[in-house]
Amino acid sequence: MEGLVSFQPFPSSVIQRRLSTVYLHRLTRSSSSSCAPLRAQQSGITGGSESVSSALEGKASEQEVVIYQDEVVASQGIRIRRRPLTGPPLHYVGPFEFRLQNEGNTPRNILEEIVWHKDKEVAQMKEKRPLYTLKKALETVPPPRDFIGALRSAHQRTGLPGLIAEVKKASPSRGILREDFDPVAIAQAYEKGGAACLSVLTDEKYFKGSFENLQAIREAGVKCPLLCKEFIIEAWQIYYGRSKGADAILLIASVLPDLDIKYMIKICKILGMATLVEVHDEREMDRVLAIDGVELIGINNRNLETFEVDIGITKRLLEGERGELIRQKDILVVGESGLFSPEDIAFVQEAGVKAVLVGESLVKQSDPGQGISALFGRDVSG
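Residues numbered from 1 in each chain as written. Predicted model: local features only at pLDDT ≥ 70, side-chain atom pairs only at ≥ 80, totals over all residues. Heavy atoms only, no water.

As recorded in an unreviewed UniProt entry, the protein chain goes by indole-3-glycerol-phosphate synthase and comes from Brassica campestris. Regarding the protein chain, the UniProt comment filed under Pathway (unreviewed entry) reads as follows: "Amino-acid biosynthesis; L-tryptophan biosynthesis; L-tryptophan from chorismate: step 4/5." What the UniProt record of the protein chain gives under Catalytic activity (unreviewed entry) is the line "1-(2-carboxyphenylamino)-1-deoxy-D-ribulose 5-phosphate + H(+) = (1S,2R)-1-C-(indol-3-yl)glycerol 3-phosphate + CO2 + H2O". (UniProt positions renumbered as here; feature names shortened; annotations may be inferred.)

Structure (structure tokens):
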């Protein structure tokens, strides 16, 4: 079903030209374009500082980009489209231009909407802060802290999963979580309460976060390693997050193809950063386990397309051969979402996680530090 999105006055001279010309836009697969995926892989991994898809866009035609992305989506089960397949179709009635929604230009779920917005947002940010300026800024940034080491140390010290406490003001599913939101004060309370690491939301539109919050927490003297909780779609964002004090980056398997994940992990290793690669189902877990260099996997119990939560997902993904492979590779697994009580923590710990990422159940507490004790059933700050 098509729906009216917006309209605006349109010059009559242009209407006349439009009426006299029929525009047909169709992407056809030519014989030469069948080599596009191979060229994409070669050009993306061997050099440059952008993601594979970005590297491809600079060296291939629009048609090849679309074909490459379609084939990646089909082969890896990625349902999230990186950007609209078509521009908003134009319809003209009198002096007005109507823009109609259709399947090609309308997000199918909230995650896809966020990714489409992020694509535009990052393009604008890159114009203001080109990559070479970020690389220059990194020369004066303090060295990154050991994110994975902090989690392992906390687990060994307490016998409980190491805590990544999340500094989050809002979410699309829950709205505003805390009206009196002071990111630095919350971060300090988390650290005092025994958090091993912190996760800082940097998305502004949907989560009311910012990179300024990340930077403020780092500059306030908080010693916990910081995860930049952002919807990463380009390597540029990694450099930007590092320039603001991030020690680790989140990569979402339902958004990024394998080549992008591999390439971004390499960039993070060069920068001394950790990568938390997030999965939600068996196919995503299998993809990530096949990628060399993965040390930290997050199992999100929340479906980012529907926002439904089921902590049983963690247990399901760690059973059998997958769990054995994770142990063989010494990968640290993080349980994410839907964790509110000591019983929830015990459930995912028994399933095999050695760290947890918790936000909502902590940030809503009047004293987030005391909320940590309530979450684990005892004081973990010692």
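Let us look at the overall build of the protein chain. Secondary structure summary: the protein chain contains 17 helices and 13 strands in total. Burial status across the protein chain gives 53% buried among its 382 residues. Within the protein chain, contacts between residues at least 6 apart in sequence are counted, and of these 70% link residues at least 24 apart. Roughly 18,000 Å² of accessible area belongs to the protein chain as shown, and the carbon and sulfur atoms make up 52% of that amount. (Helix = DSSP H or I, 4+ residues; strand = E, 2+ residues; numbered from the N terminus. Buried < 20%, exposed > 50% of the residue type's maximum accessible area, 1.4 Å probe, protein only. Contact = heavy atoms within 4.5 Å. Areas by Shrake-Rupley, 256 points an atom, 1.4 Å probe, with all protein chains shown as cover.)

One closed barrel holds the 8 strands; their spatial order is β4-β7-β8-β9-β10-β11-β12-β13, and the pairing between them is parallel. Between one strand axis and the next, the sheet turns through 25° on average, direction left out of account. Looking at chain direction, strand β9 (residues 248-252) and strand β10 (residues 274-279) are connected through 5 bridges and run parallel. Across the sheet, the residue bridging to I252 is E278, located in β10. Those strands touched by helix α11 (residues 258-271) are β9 and β10, and its axis lies near 155° from that of β10. (Pairing = 2+ DSSP bridges. Axes fitted to C-alpha atoms, helices over the stretch in contact; angles between N-to-C directions.)

A few words on the packing of aromatic side chains. In total, this model carries 3 aromatic pairs according to the counting rule given. Here F207 and F231 contribute two aromatic rings whose centre-to-centre distance is 5.8 Å and whose plane-to-plane angle is 35°, an arrangement assigned as tilted. Note that F207 is positioned in the loop between β7 (197-201) and α9 (211-219) and F231 in the loop between β8 (226-229) and α10 (235-243), a separation of 24 residues in sequence. Classification of F207 as buried rests on a relative accessible area of 9%. Relative to Y240, the ring of W236 lies with its centre 5.0 Å away and its plane at 10°, an arrangement referred to as stacked. One end of the pair is W236 and the other is Y240, both in helix α10 and 4 residues apart, which spans about a single turn. The exposure class assigned to W236 is buried, which follows from its relative accessible area of 2%. Cluster of aromatic residues (ring-pair linked, three or more members): F211, W236 and Y240. (Phe/Tyr/Trp six-rings, centres within 6.5 Å; stacked < 30°, edge-to-face > 60°.)

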